[in-house]
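# Chains, contacts and geometry: an overview
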Amino acid sequence: MKTDELTSITDKLSQELRRGSLVLAALSQLREPKYGYALIDDLAGRGLQIEQGTLYPLLRRLEEQGLLRSEWNVDGSRPRRYYVLSPEGQQVLVALTDDWLQLTQALVGLLPK
Amino acid sequence: MELIDRYVAEVGRRLPRKNRADIQDELRSNLVDTLEARAGSSPALEDQLSLLREFGPPEKVAVSYRGDRVLIGPDLFPFFRMVLGIVLSVLAIVQLVLVGVLVAFSPGYTFEPAWLLEFGGSLISAFGSVVLVFAVLQYFGVRPTVEEDEPWDPRSLPEPEPELEVHPGGLVAEMTFGLILVVVLLFLPNLQGLVSAGGATFVINPVLQDNLPLVITSLRLGIALDIFLLWRGRWTTTTRVAKIAVSVFQMAVLAFLVAAHSRWLAAYDSQGLFSVFETIPATAPMPADVAQALVVWAFRLGFFVALIVLIVETVQLLISLVRQWFFSEPSRGSASGRESTSNP
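One structure accompanies this document, and this report is about it. Note on numbering: residues in each chain are counted from 1, in written sequence order. Chain labels run from A onward and ligand labels from 1 onward, assigned in the order the entries are written. In keeping with the predicted nature of the model, local features appear solely for residues at pLDDT of at least 70, side-chain atom pairs appear and are counted solely at 80 or more, and the whole-chain, interface and lining totals rest on all residues. Working from all heavy atoms in the structure, the side-chain values ignore hydrogens and water.

The next point concerns the overall build of chain B. Secondary structure elements follow DSSP: runs of H or I no shorter than four residues count as helices, runs of E no shorter than two count as strands, and numbering proceeds from the N terminus. For chain B, the count of helices and strands is twelve helices and two strands. Of the regular secondary structure in chain B, the N- to C-terminal order runs α-α-α-α-α-α-α-β-β-α-α-α-α-α. Of all intrachain contacts in chain B linking residues separated by at least 6 positions in sequence, the fraction that spans at least 24 positions is 73%. Per-residue and other accessible areas follow the Shrake-Rupley method at a 1.4 Å probe size, with only the shown protein chains counted as cover for residues. As displayed, chain B has an accessible area near 19,800 Å², and 65% of this comes from carbon and sulfur atoms. Residue contacts follow a heavy-atom distance rule, with two residues in contact if any of their heavy atoms lie within 4.5 Å.

In structure tokens, the structure reads:
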């Protein structure tokens, strides 16, 4: 296999791996209302770099699914849309957190040190 | 900020009308927030350019907001395929039978090669119509209901069918039948007609006699194909294509024979076929010419039935071949290939 091909496969798999965890990362930071850029900034501050073009559509999808609520806030210098967990979103966050902890624990046991 | 406005407008153009303005407002707000955090309240052009490059082309951003659009989604696709298969095969068979009837029973009809174009065109337009119907269903969110009440039972799995194997039984029978016909046609001329009841007049089928080499070639081809199939032992693309090629040749021969019989009958009795039989005296022995007309008539019917059977078989075989090519899975249609072809 050529190096380019291998890199491209690795990139795709890595993206898939991150995509699954992205929902959990976003939900975990939305217990308090936040607007898009602030969320990106928070996540980046904790070492999770996310493309803006990926996160913003994801927030809208989570809202459509009923896990988030949003509203425009016009108090600041310009209007911003704030997202926050809905009660359903809070339940999902708890369940996904459990899953995630089990999964990482199992994987840590599996992966070579 | 003019660049940002242009960018937001381009993204919006590609979004559904319903959420467009809302998404545009949010996107603008996010872009401006990011820009301000990076470059303060008066960002340079270069800052805007690098931010927009990071976000990516408007097409890509629009896709991530509206999701992938599909004409026919995976939920509907199996149904689409099923309906398409039924529609196309019914349409093909009906048209082939119709043209077969025309060739067989109307001596005035001449087969135009342009018919093949019309035939192909009708199949393509049927394909288009089915796609259109399913695309509309997809658009309006119609989805097949999946019954999940009953738990799936693995014991309901069907027994595996060795459907790719050529069944030697049918082929051997077919070959034997073909061989007997060839022997009769070549060496036993006294079995090819009937003796009229009244006397010693022996009537044969003149049309068959005229076209004997053609008939024998067709039979021999069929036998050669059966030997080839027995040798290969499995239905593959090669064996299916060979079978279709031979079938097409045999169909042409059959169609030609039926047409030739029709011409003979038309020349014999211009008033219509059945008047021949109505004029047979009830008591008197059947005149030789009437007997001959009867023979020709019976042969024509036999050839015609064989032609229809062959057409249906070939269409089934074609469908299984097309399925194999386009959907790369062994299809049940190949089962039809094992049936014995009824040679004339």
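What follows is about the nonpolar core. In these notes, a set of buried Ala, Val, Leu, Ile, Met, Phe, Trp, Tyr and Cys residues joined through side-chain atoms within 4.5 Å is what counts as a nonpolar core. Each residue is assigned to one of three classes by its accessible area relative to the maximum for its type, calculated with a 1.4 Å probe on protein chains only: buried under 20%, partly exposed between the two thresholds, exposed over 50%. By size, the foremost hydrophobic cluster in this structure holds 39 residues, and its most contacted members are A:Leu55, A:Leu59, A:Leu68, B:Tyr7, B:Leu27 and B:Leu31. Listed by contribution, the elements that provide at least two residues to this core are helix H1 (3-28), helix H2 (36-45), helix H3 (52-64) and strand S3 (80-85) of chain A together with helix H1 (2-13), helix H2 (17-39), helix H3 (45-55) and helix H4 (58-66) of chain B. With sequence-adjacent residues up to four places away left out, B:Tyr7 is seen in contact with B:Leu27, B:Leu31, B:Leu52, B:Phe55, B:Gly56, B:Pro57, B:Pro58 and B:Val61.

Residues and elements named next belong to chain A. A strand pair is defined by DSSP finding two or more bridges across the two strands. Strand order in this open sheet of three strands is S1-S3-S2, and the pairing throughout is antiparallel. Edge strands, defined here as strands with exactly one partner in the open sheet, are strand S1 (34-35) and strand S2 (68-73). Where S2 meets S3, six bridges bridge the pair, whose relative direction is antiparallel. Bridge assignment links arginine 69 to a residue of S3, and that residue is valine 84.

Turning to the interface of chain A and chain B, a few remarks are in order. With 15 residues of chain A in contact, the opposing surface of chain B contributes 18 residues. With both chains or domains summed, chain A and chain B bury close to 1,500 Å², and 46% of this area falls on carbon and sulfur atoms. Buried area is understood as the total, over both parts, of accessible area removed when two parts are fitted together, assessed with a 1.4 Å probe. The largest per-residue losses of area from chain A upon contact with chain B belong to A:Tyr37, A:Arg60 and A:Arg78, which jointly make up 36% of the total buried on that side. Counted as salt bridges are all cases of a side-chain nitrogen of Lys or Arg within 4 Å of a carboxyl oxygen of Asp or Glu. Our count for the chain A to chain B interface comes out at seven salt bridges. When the shortest N-O distance is used, the salt bridge between A:Arg81 and B:Asp22 registers 2.5 Å. Nitrogen and oxygen atoms within 3.5 Å of one another constitute a polar contact, given that in protein one can donate a hydrogen and the other can accept it, and given that sequence-neighbouring residues count only through two side-chain atoms. Connecting chain A to chain B are eleven residue pairs in polar contact (both at pLDDT 80 or more). Those elements that provide at least two residues to the side of chain A that touches chain B are H2, H3 and S3 of chain A. Tallying contributions element by element places H3(A) first for the side of chain A that touches chain B, with six residues.

This part takes up the side chain of B:Ser247. Residue and element names in this part refer to chain B. The topology assignment puts serine 247 in helix H10 (residues 237-268). At 2.8 Å, the side chain of serine 247 and the backbone oxygen of lysine 243 are in polar contact. Look past the residues within four positions of serine 247 in its chain and what remains in contact with it is Leu310 and Thr314.

Bringing the packing of aromatic side chains into the picture now. Classification of ring pairs rests on two measures: the distance between centres of Phe, Tyr or Trp rings, Trp counted by its six-membered ring, which must be within 6.5 Å, and the angle between planes, read as stacked under 30 degrees, edge-to-face over 60 and tilted in between. Considering all chains together, one arrives at eight aromatic pairs over all chains under this definition. Between the aromatic rings of A:Tyr35 and A:Tyr82, the centroid separation amounts to 5.4 Å while the plane-to-plane angle is 65°, which identifies the pairing as edge-to-face. Residue A:Tyr35 is found in strand S1, and its partner A:Tyr82 is found in strand S3; the two are separated by 47 residues along the sequence. The exposure class of A:Tyr82 is partly exposed, given its relative accessible area of 23%. By definition here, charges over rings are those cases where NZ of Lys or CZ of Arg is within 6 Å of the ring centre and within 35 degrees of the ring normal. Positioned over the ring face of A:Tyr35 is A:Arg80, at 4.4 Å from the centre of the ring. The ring of B:Trp231 has B:Arg232 lying over it, and the distance from NZ or CZ to the ring centre is 5.5 Å.

So far we have only geometry, and geometry alone does not tell us how the molecule works.
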